[in-house]
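# Structural features, examined
Here is how the chains run, residue by residue.
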Amino acid sequence: MSQRTERRGIHVDQSELLCNKGCGYYGNTAWQGLCSKCWREEYQRARQKQIQEDWALAEKLQREEEAAYANIQGAQSHSQAQQAQSQPNQASLATFSKFEEKKTNEKTRKVTTVKKFFSPSSRTAPKKAHSDKEKTLRDWRGIFTPPWEMGSPTEALVARLRENQEGKTPSPSITRQSSIETDRVSRDFADFLKNLQKPGRDIHKQCRLFIESMANKKDLGAEELSECVQDFYQNMSDRLMTHFKGSSDCVERVMDQVEKYIMTRLYKSVFCPETTDDEKKDLATQNRIRALHWVDIQMLCVPVDEENPEVSDNVVKAITDVIEMDSKRVPRDKLACITRCSKHIFSAIKITRNEPASADDFLPTLIYIVLKANPPRLQSNIQYITRFCNPSRLMTGEDGYYFTNLCCAVAFIEKLDAQSLNLSPEDFECYMSGQASPRRPDSSDGWPQTQEAPGPSSPALAQVYQNLDVLSGLESRQDRVLEGCRSLQADLLAWQGSVEREVHNILEKYPLEICPPAPAAIDAENVETERLPPPLTPQVFAG
């Protein structure tokens, strides 16, 4: 089995699931093979470098604007000095007013240039009347905000400039349309925090402020939103670790509730955002899996016997769990669906082989389950878990292991080719285009084999083929039964005629004579009458 699996390109060494930097945690293909911790470090390092380059460019533009402004002011001052000498009275007042007007216009143009540099679009709205000092303080105040409220100085300046143009965004608690699930999660979160008393009030306040701050960041990219959420997780975890004095179990329990509350409230705005191409990836993966509908158990060397009802039941449960992942809102709940699916897979392999399953058996079976399930929005769900799940869950534990294997399975499906399935390129292209379908193999030496009946590509098709075979057998049996019925009917008619003729002959040979019966007394047939006493005779007694 292992040799066939390795030859088909499905075998994955367990060391390949770990972080490329050798930290010992599980890596992720979405993070270029790094764990969440190493990826955040690399991302923050790259982002800080980009921020420094942005500020350097902004300072350069600022210096160029100031130099241009100084040159213009020098030329204007020289011309105004000459005019002042000729007209010292009213002309000097008019020149001073024009100078103030030009100075104001120049400052306005300089501020607009900086806004255009940091704004994602070139649209400008009418500016409100604020003094230059208030604008400068408001623009730079964002640098000193907490990290979960403002990811970088660039983001702070962008948010403040947009606030100047569009006005302050109303609170999301006023404008959002609350759902039943959101209200239920909010009540459960409030009930949970009541047991923590004072720390619970502080946690609820910080979560509410964070959700309100995220409402003003809808235009940010998915990576920036993920960074904000991860920074909030880290700061909240540090606070809880200080409060609970290093009790990791208590911190993890509280962080699970915080994640559930935060991500339920933010789900609609951060799941598959418009700034990403997650939707295109979903459609591409879905079409890819549909095109691979002909791949079956034998091609992937899956050690599962679906003829066994117990094994088939575990396979159906695994498919149901991976499809149910899309209906969950919290990343932890989506991971729980993946974990349940994986456990059903291990159970099916154990029942089939009567021994515990290995990692080399698990990955091909997981690929087969994903191909048969074709989960909705698979790429979006993987990206959502990657971006907004508590990083400690993805780095260690069974949740992280199963999620890493799912990412490997999806990557294998995207790169699946003829060599991986031990097929010729011509056969692979025919199967992918639908021009031909593989046949049932009669041995395990090679694939495909030529047979009369097409091979099933799913349990449903296998059941259809089995039912067709049963119907064919029933049709032949029905023909035999009908032939027997017609023969029986002919025999019955012949037997009826022979019986009638025999009865008629007997009646002719021995005609029936009916003699009238002889009269007899009532007790004539009673043989015991001789031993009976004589009948009583009436006697008359004299009175």
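Look up a bit, the structure's there.
Small disclaimer: the values here were computed from a predicted structure and weren't measured.

## Some remarks on the overall build of the chain
- Along the backbone of the chain there are 20 helices and zero strands.
- Expressed as a percentage of the 543 residues in the chain, the buried residues total 37%.
- In the chain, of all internal contacts separated by at least 6 residues, the share reaching a separation of at least 24 is 69%.
- With the model as given, the accessible surface of the chain reaches about 33200 Å², and the carbon-plus-sulfur share is 53%.

## Quick word on the pattern of salt bridges
- Counted by the stated rule, this structure contains 18 salt bridges.
- The shortest N-O distance in the salt bridge between Glu212 and Arg208 comes to 3.6 Å. Separated by four residues within a single helix, Glu212 and Arg208 lie in helix H8 (residues 198-214), roughly one turn from each other.
- Residue classification places Glu212 among the partly exposed positions, given a relative accessible area of 27%.
- Across the pair Arg353 and Glu355 runs a salt bridge, and its minimum N-O distance is 3.5 Å.
- A relative accessible area of 32% means that Arg353 is categorised as partly exposed.
- Through salt bridges with shared partners, one network takes in Asp321, Glu324, Lys328 and Arg340.

## Thoughts on the packing of aromatic side chains
- This structure, assessed with the given rule, holds 12 aromatic pairs.
- Where Tyr267 meets Tyr384, the ring centres are 5.5 Å apart and the plane angle is 85 degrees; that geometry is what we call edge-to-face. Taken together, the residues Tyr267 in helix H10 (residues 248-270) and Tyr384 in helix H16 (residues 378-388) connect sequence positions 117 residues apart.
- Since its relative accessible area comes to 1%, Tyr384 is described here as buried.
- Site record: aromatic cluster; members linked through ring pairs are Tyr267, Phe271, Tyr384 and Phe388.

## Here's the deal with helix H15 (residues 359-373)
- Taking 1.5 Å as the rise per residue, H15 with 15 residues should run 21 Å; its terminal C-alpha atoms sit 21 Å apart, in good agreement.
- Of all the 15 residues making up H15, 13 are buried; the element is thus mostly covered by neighbouring parts of the structure.
- Among the residues trailing H15, Asn374 stands out with phi positive, at a value near 50 degrees.

## Regarding the packing of helix H14 (residues 331-353) against H16
- In the contact formed by H14 and H16, the axes pass within 9 Å of each other and the chain directions differ by 125 degrees. Taken together, the axes of H14 and H16 lie oblique to each other. For the element pair H14 and H16, the recorded crossing hand is left-handed. For the pair H14 and H16, contact is made by Pro331, Lys334, Leu335 and Ile338 and by Asn381, Tyr384, Ile385 and Phe388, respectively.
- Here the contact of H14 with H16 is composed, by residue class, of six nonpolar, one polar and one charged.

## Describing unusual backbone geometry
- For Cys272, which is not glycine, the phi torsion reads 50 degrees and is therefore positive.
- With respect to the helices, strands and loops of the structure, Cys272 is situated in the loop between H10 and helix H11 (278-291).

## What about the packing of H14 against helix H18 (residues 397-414)?
- Interhelical geometry of H14 versus H18 gives an angle of 80 degrees and a closest axis separation of 9 Å. Judged on the interaxial angle alone, H18 and H14 are roughly perpendicular. Touching Leu335, Ile338, Thr339, Ser342, Lys343 and Phe346 of H14 are Glu398, Asp399, Tyr402, Phe403 and Leu406, all from H18.
- Looking at side-chain class alone, the contact of H14 with H18 contains six nonpolar, two polar and three charged residues.

Procedures and definitions
Residues numbered from 1 in each chain as written. Predicted model: local features only at pLDDT ≥ 70, side-chain atom pairs only at ≥ 80, totals over all residues. Heavy atoms only, no water. Helix = DSSP H or I, 4+ residues; strand = E, 2+ residues; numbered from the N terminus. Buried < 20%, exposed > 50% of the residue type's maximum accessible area, 1.4 Å probe, protein only. Contact = heavy atoms within 4.5 Å. Areas by Shrake-Rupley, 256 points an atom, 1.4 Å probe, with all protein chains shown as cover. Salt bridge = Lys/Arg side-chain N within 4 Å of Asp/Glu carboxyl O. Phe/Tyr/Trp six-rings, centres within 6.5 Å; stacked < 30°, edge-to-face > 60°. Expected span 1.5 Å × (residues − 1). Axes fitted to C-alpha atoms, helices over the stretch in contact; angles between N-to-C directions. Parallel < 35°, antiparallel > 145°, perpendicular 65-115°, else oblique. Left-handed = near helix turned anticlockwise from the far one by under 90°. Nonpolar A, V, L, I, M, F, W, Y, C, P; charged D, E, K, R; others polar.

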